[in-house]
Amino acid sequence: MKKRFIPFCLAFYSGAVFSASPGEWTVASEISKIFIEGGNDNPILTLELKNDPSDDYKPQDCKSHYLNADLSSDKGKALYSLVLALKLSGNPVSFTFSECFADRPKINQVRFE
């Protein structure tokens, strides 16, 4: 009985550890590029990471390696300040994505370690 139980547990737990889904924190990576797109009425923060997050972390319809935030909102401006500081410091950063901005993941949360 023990011989069958242990492999079953390992298979169950490894699936929980190695699987990802939209809304979960990505693996930490350094920011490669930061740029601003859009016009005066709709500025968009666009990021590119050194290690692109797996598509499993991204919403279904947006698998681009570019990540976006809306700079016309207070949250977007706060995200811009934080990622700019993280880029300058070289600290790795993790994200969650809430939805798509066209075909790109829209940043919902940011954290660093």
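Residues numbered from 1 in each chain as written. Predicted model: local features only at pLDDT ≥ 70, side-chain atom pairs only at ≥ 80, totals over all residues. Heavy atoms only, no water.

A. Spatial organisation of the pairing of strand E1 (residues 31–37). Relative to strand E2 (residues 44–49), E1 runs antiparallel, the two sharing 6 bridges. Considered in E2, the bridge of Ile-31 is made with Leu-49. From the end of E1 to the start of E2, which pair antiparallel, there are 6 residues, and Gly-38 there has a positive phi angle of about 90°. (Pairing = 2+ DSSP bridges. Helix = DSSP H or I, 4+ residues; strand = E, 2+ residues; numbered from the N terminus.)

B. Representation of the confidence of the model for the protein chain. When pLDDT is averaged along the protein chain, the result is 85, and 83% of the positions lie at 70 or above. Predicted confidence is poor over residues 7–18, with pLDDT under 50, and the contacts of this stretch with residues over four places away or in other chains come to 0 contacts. (pLDDT = per-residue confidence, 0-100. Contact = heavy atoms within 4.5 Å.)

C. Expanded view of the nonpolar core. Of all hydrophobic cores here, the largest spans 16 residues; its most connected members are Ile-31, Leu-47, Leu-67, Val-93, Phe-95, Ile-107 and Val-110. Taken together, the elements giving at least two residues each to this core come down to E2, strand E3 (66–70), helix H2 (74–89), strand E4 (93–101) and strand E5 (104–112). Once residues lying within four places of it in the same chain are set aside, the contact partners of Leu-67 are Leu-45, Thr-46, Leu-47, Leu-49, Phe-95, Phe-97, Pro-105 and Ile-107. (Core = buried A, V, L, I, M, F, W, Y, C linked by side-chain atoms within 4.5 Å. Buried < 20%, exposed > 50% of the residue type's maximum accessible area, 1.4 Å probe, protein only.)

D. Inspection of the environment of Asp-103 at higher detail. Considering the arrangement of structural elements, one finds Asp-103 in the loop between E4 and E5. Given the relative accessible area of 45%, Asp-103 is considered partly exposed. Residues Asp-103 and Pro-59 lie 44 residues apart in sequence; the distance between their C-alpha atoms is 9.6 Å. Those residues in contact with Asp-103 that lie beyond four places of it in its chain are Asp-61, Cys-62, Lys-63 and Ser-64.

E. Representation of H2. Compared with an ideal rise of 1.5 Å per residue, which puts 16 residues at 22 Å, H2 spans 23 Å between its outermost C-alpha atoms and is within 8% of the ideal. Within H2, burial applies to Gly-76, Leu-79, Val-83 and Leu-86. Along the long axis of H2, the arc covered by the buried residues comes to 90°, so they all point the same way. Residues Asp-74 and Leu-88 are exposed on H2 and point more than 90 degrees away from its buried face. Of the surrounding elements, those touching the buried residues of H2 are E1, E2, E3, E4 and E5. (Expected span 1.5 Å × (residues − 1). Arc of directions from axis to C-beta.)

F. Molecular detail of the pattern of salt bridges. Enumeration over the complete set of coordinates arrives at 5 salt bridges. Among the ionic pairs, Lys-50 bridges to Glu-30, the shortest N-O distance being 3.2 Å. Here Glu-30 lies in the loop between helix H1 (2–18) and E1 and Lys-50 lies in the loop between E2 and E3, a separation of 20 residues in the sequence. The exposed category is assigned to Lys-50, whose relative accessible area is 53%. Here Glu-30 falls in the partly exposed class, since its relative accessible area comes to 34%. Here Lys-58 and Asp-52 are joined by a salt bridge, their closest N and O atoms 3.2 Å apart. Among the residues examined, Asp-52 registers a relative accessible area of 39% and is labelled partly exposed. (Salt bridge = Lys/Arg side-chain N within 4 Å of Asp/Glu carboxyl O.)

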